[in-house]
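Coordinates in review
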Amino acid sequence: MEEHYRDIAGYFSETLCITWCEGLTLDGVACSAIAGQLGSWVVVMEPDYGDTGSDNEILRGLSAKGKALNVYSGVNSHTLEYYMNSRLLTILQFIEWGEEPFYRQGDQPHLLDDLIGDFSGKRATDFQAFVPALAERMTGVRLTHDWFFDKHRWLRWEDWD
């Protein structure tokens, strides 16, 4: 599963940012990214240096009637954030040089420990492959190459005026 997502991560520039939202339709999401339905989830992908989906207030709003999950990996930060009903359940922050691979925060910081298993990655590329695979286990939906190339909506976060 991780090899599949290592390949998928190749679609992103220096920043990987994917957000899954359950309990919303595409009309309820606005972003400068690609948004599409995947099972019962709306997936928002910001392929070119995007990070809006990782904003705490955005995730609170997206999870108001369900769940929201964001995977972000940039130059200096690598996180997974999981919200339910506007409540932050857990944040996993990947630490490249620590004894433990993740620093945990949130109301239930160890919520995902059973799903994480014995992950022992040491590089950001390991995180970029592992965490979308973890998101697949959490959401029950797989991001595929076909999904990326299907017709989706291009939306934007910013007000360009």
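Residues numbered from 1 in each chain as written. Predicted model: local features only at pLDDT ≥ 70, side-chain atom pairs only at ≥ 80, totals over all residues. Heavy atoms only, no water.

Along the chain, the regular secondary structure elements total five helices and eight strands. In the chain, the succession of α and β elements from N to C terminus is α-β-β-β-α-β-β-β-β-α-α-α-β. Every one of the 161 residues in the chain was classed for burial, and the buried ones make up 48%. Considering only residue pairs separated by 6 or more positions, the chain has 56% of its internal contacts joining residues 24 or more positions apart. By element, 48% of the accessible surface of the chain is carried by carbon and sulfur atoms, the whole surface being about 8200 Å². (Helix = DSSP H or I, 4+ residues; strand = E, 2+ residues; numbered from the N terminus. Buried < 20%, exposed > 50% of the residue type's maximum accessible area, 1.4 Å probe, protein only. Contact = heavy atoms within 4.5 Å. Areas by Shrake-Rupley, 256 points an atom, 1.4 Å probe, with all protein chains shown as cover.)

If charged atoms from side chains of opposite charge come close, those side chains can pair. Evaluated as defined, the whole model comprises eight salt bridges. Across the pair Glu57 and Arg60 runs a salt bridge, and its minimum N-O distance is 3.9 Å. Taken together, the positions of Glu57 and Arg60, both in helix H2 (residues 56–62) and three residues apart, correspond to about one turn of that helix. Judged by its relative accessible area of 55%, Glu57 is exposed. For Arg123, the salt bridge identified is with Asp126, shortest N-O distance 3.3 Å. Note on Asp126: relative accessible area 13%, which makes it buried. (Salt bridge = Lys/Arg side-chain N within 4 Å of Asp/Glu carboxyl O.)

Moving on: the packing of aromatic side chains. When we look at a pair of aromatic rings, we describe it by the centre distance and by the angle of the planes. All chains considered together, the criterion is met by seven aromatic pairs. Taking the centre distance of 5.5 Å and the plane angle of 25 degrees together, the rings of Phe94 and Phe127 count as stacked. Of this pair, Phe94 sits in strand S6 (residues 87–94) while Phe127 sits in helix H4 (residues 124–139), and the two are 33 residues apart along the sequence. Judged by its relative accessible area of 5%, Phe94 falls in the buried class. Ring geometry for Phe119 and Phe130: centres 4.3 Å apart, planes at 20 degrees, overall stacked. Taken as a pair, Phe119 in the loop between helix H3 (113–116) and H4 and Phe130 in helix H4 lie far apart in primary sequence, eleven residues in all. By relative accessible area, which is 11% here, Phe119 ends up buried. Each residue in the set Phe94, Phe102, Phe119, Phe127 and Phe130 is aromatic and connected to the rest through ring pairs, giving one cluster. (Phe/Tyr/Trp six-rings, centres within 6.5 Å; stacked < 30°, edge-to-face > 60°.)

A separate point is the environment of Glu81. For Glu81, the location among the structural elements is in strand S5 (residues 78–84). Glu81 sits in the buried class, given a relative accessible area of 6%. Taking the C-alpha atoms as reference points, Glu81 and Asn70, separated by eleven residues in sequence, lie 5.3 Å from one another. Not counting residues up to four positions away in its chain, the partners in contact with Glu81 are Ser54, Asn56, Leu59, Ala68, Leu69, Asn70, Thr90 and Ile91.

Note: S5 against S6, six bridges, orientation antiparallel. Counterpart to Tyr82 in the pairing with S6 is Thr90. Hairpin connection, S5 to S6: the antiparallel pair is bridged by two residues, and Asn85 has positive phi, about 50 degrees. As defined by bridge partners, S6 adjoins strand S7 (residues 102–105) across four bridges and the pair is classed as antiparallel. Bridged to Gln93 within S7 is Tyr103. (Pairing = 2+ DSSP bridges.)

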